[in-house]
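Take a look at the letters that make up each chain.
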Amino acid sequence: MMSFFKHMAGLLPFVQTPRAQRRVVFYSEGPTYWVHLQGLVQALLASGEVPVCYVSSNPADPGLALQHANYKTFLIDQGWVRNWFFENLQADVLVMTMPDLDQYQVKRSKHPVHYVYVQHSLVSFHMVYRPGAFDAFDSVFCAGPHHLKEIDAITTHKNLPPKHVVAHGYERLDAIIHHHAQREPVVKGPDAPIHVLLAPSWGPHCILETVGAEVVAHLLENNFRVTVRPHPQTRKFAAQNIRQLEQAHGQNPLFSLETGVAGQETLHQSDLMICDWSGAALDYAFGLHKPVLFIDVPRKVNNPDYPALNLEPFEATIRPQIGRVLPVEHLQELADTVRSLLQSWQPETVAHLRHQHVFNVGQSSKAGAAAIQKLLQRLGPN
């Protein structure tokens, strides 16, 4: 019984909030997603015109701590309480970064609500995400031109009603660029070791689940500083791989393990990222103009029908332009390839690519907030 009232404690205040104050609702799964929503929330609040509700399923979400007269926050647990919240939501607009709406437990409301999807990665829509991941959304905020093409191709291929698409940009990239500009330049001595950040995706074919032990050992043997930043899902589903790395190298001063992915310190401190198919590689290259070395493990494919769209995923086409691709069978060349890549790297190349492939660099929050305000005008009074 106590558990029931505990779960309801977050839901009841939301239900009791006047409908006029629930025109725009943001939903976040937890702290990792605040960086993708923060700019939008704050830009809307800065306009002084739109009341905002922010719902999270994690008490550590920084979005719950923001204070503003036009801003209300609610903590609603995952599980049946969250499912009820979604199915009975009364609002004009719900903004979220979670795909697969209406496919699993999280359903569209039985009331009229306009659902907006906001990117939490620069990767393409059609290979890494599951089939139908965006079909139930009314609006899709696109990070770059590739997303516009992909949404159009998906809706045409599946004969879906056209979606409202917005050339938004990418909030996390803007945050990285902003923080980088505020920092003092990293100054390293001539004898400082090369600092490699290993930040792969997760899944049975990704680096830490396959060749991670070999990669880390090889880099340390070549006197590189190595920071391993596993994806949260790797820590959840392949924790033994992480424990083995700690046991093998935990006493080595050149080795460190970073269990939080929201922070940015190692992004700025490192010289190069080693990755596979993670969108983190695109954040790193476009945000900091640093190179990425991709270990060519099998593609991360959650939609086996992706070739039907006849569009090569962005994360595949961009790899040789923001670094190099190393075949798995050439891992013995890893250290030499890192050195060679750093010596030949030209940051200005990525600066040009960033503006070519990402909308509204540095201004995505304002663009997104303006689009939401226009959407509210189009929907009319609640």
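The structure under discussion appears in the preceding block.
Residues numbered from 1 in each chain as written. Predicted model: local features only at pLDDT ≥ 70, side-chain atom pairs only at ≥ 80, totals over all residues. Heavy atoms only, no water.

Visitor: Sorry if this is basic, but what is going on with the sheet that holds strand 10 (residues 255-257) here?
Guide: Strand pairing within a sheet occurs via backbone hydrogen bonds; the two strands may be parallel or antiparallel. The 6 strands are arranged 10-9-8-11-12-13 in an open sheet whose pairing can be described as parallel. The open sheet has two free edges, formed respectively by strand 10 and strand 13 (323-327), since each of these has just one partner strand. Across the sheet, the axes of successive neighbouring strands diverge by a mean angle of 20 degrees, strand direction being ignored. Alignment of strand 8 (residues 195-198) against strand 9 (residues 225-228), held across 4 bridges, turns out to be parallel. Directly across from leucine 197, in strand 9, lies its bridge partner threonine 227. Seen against the sheet, helix 13 (residues 334-344) touches strand 8, strand 11 (272-275), strand 12 (292-296) and strand 13 and runs at an angle of roughly 165 degrees to strand 13. (Pairing = 2+ DSSP bridges. Helix = DSSP H or I, 4+ residues; strand = E, 2+ residues; numbered from the N terminus. Axes fitted to C-alpha atoms, helices over the stretch in contact; angles between N-to-C directions. Contact = heavy atoms within 4.5 Å.)

Visitor: Where do I start with the pattern of salt bridges in this structure?
Guide: Oppositely charged side chains can pair when the atoms bearing their charge come close. Counted under the stated rule, the structure contains 12 salt bridges. Arginine 108 is paired through a salt bridge with aspartate 138; the nearest N and O atoms lie 3.1 Å apart. Remark: aspartate 138 occurs in the loop between strand 5 (114-117) and strand 6 (139-142) and arginine 108 occurs in the loop between strand 4 (93-96) and strand 5; sequence separation between them is 30 residues. In this structure arginine 108 comes out as partly exposed when scored by relative accessible area, which is 27%. Judged by relative accessible area, which is 23%, aspartate 138 ranks as partly exposed. Shared partners join several salt bridges into a network, and the residues in it are Arg19, Arg23 and Asp92. (Salt bridge = Lys/Arg side-chain N within 4 Å of Asp/Glu carboxyl O. Buried < 20%, exposed > 50% of the residue type's maximum accessible area, 1.4 Å probe, protein only.)

Visitor: What's the story with the packing of aromatic side chains in this structure? I'm lost.
Guide: Two measures describe an aromatic ring pair: the distance that separates the ring centres and the angle between the ring planes. In this structure the tally under the stated criterion is 12 aromatic pairs. With a centroid separation of 5.1 Å and 85 degrees between ring planes, the pair formed by phenylalanine 14 and phenylalanine 74 is classed as edge-to-face. Note that phenylalanine 14 is positioned in helix 1 (residues 2-16) and phenylalanine 74 in strand 3 (residues 71-75), a separation of 60 residues in sequence. For phenylalanine 14, a relative accessible area of 3% puts it in the buried group. Given a relative accessible area of 6%, phenylalanine 74 falls into the buried group. Each ring, one from phenylalanine 286 and one from phenylalanine 314, has its centre 6.5 Å from the other, and the planes form 25 degrees; the classification is stacked. Of this pair, phenylalanine 286 sits in helix 11 (residues 280-288) while phenylalanine 314 sits in helix 12 (residues 314-317); the two residues are 28 residues apart in sequence, bridging distant segments of the chain. The exposure classification of phenylalanine 286 matches that of phenylalanine 314, with both residues buried. Three or more aromatic residues joined by ring pairs make a cluster, and in this case those are Phe14, Tyr27, Phe74, Phe85 and Phe86. Positioned above the aromatic ring of phenylalanine 14, the side-chain terminus of arginine 22 is 5.3 Å from the ring centre. (Phe/Tyr/Trp six-rings, centres within 6.5 Å; stacked < 30°, edge-to-face > 60°. Lys NZ or Arg CZ within 6 Å of the ring centre and 35° of its normal.)

Visitor: I'm lost on the nonpolar core in this one. Help?
Guide: Most often, soluble globular proteins keep nonpolar side chains buried together rather than apart. The biggest cluster of nonpolar side chains holds 93 residues, and the ones touching the most others in it are Phe85, Leu94, Val215, Met273, Ile274 and Phe286. The greatest single-element share of this core, amounting to 6 residues, is contributed by helix 11. Setting aside residues up to four positions removed in sequence, leucine 94 forms contacts with Val25, Phe26, Tyr27, Phe86, Leu89, Val113, His114, Tyr115 and Val116. With 25 residues, the next largest nonpolar core counts Phe26, Leu45, Ile372 and Leu375 among its residues. (Core = buried A, V, L, I, M, F, W, Y, C linked by side-chain atoms within 4.5 Å.)

Visitor: What should I look at first to understand the environment of isoleucine 372 in this one?
Guide: Mapped onto the fold, isoleucine 372 is located in helix 15 (residues 364-379). Residue isoleucine 372 is classed as buried on the basis of its relative accessible area of 0%. In this structure, the C-alpha to C-alpha distance between isoleucine 372 and valine 166, residues 206 residues apart in sequence, is 9.6 Å. Among all residues touching isoleucine 372, those that are not within four sequence positions of it are Val24, Phe26, Leu40, Leu44, Val95 and Phe141.

Visitor: Sorry if this is basic, but what is going on with the sheet that holds strand 4 here?
Guide: Strand order in the open sheet formed by 7 strands is 3-2-1-4-5-6-7, with parallel pairing between adjacent strands. With one partner strand each, in any of the chains shown, strand 3 and strand 7 (164-167) form the two edges of the open sheet. Looking at each pair of strands side by side, their axes are set apart by 20 degrees on average, direction ignored. Here strand 1 (residues 24-28) runs beside strand 4; their pairing, made up of 4 bridges, is parallel. By the bridge assignment, phenylalanine 26 is partnered in strand 4 with valine 95. Against the sheet, helix 2 (residues 34-47) contacts strand 1, strand 2 (52-56), strand 3, strand 4 and strand 6, and its axis sits at roughly 160 degrees relative to strand 1.

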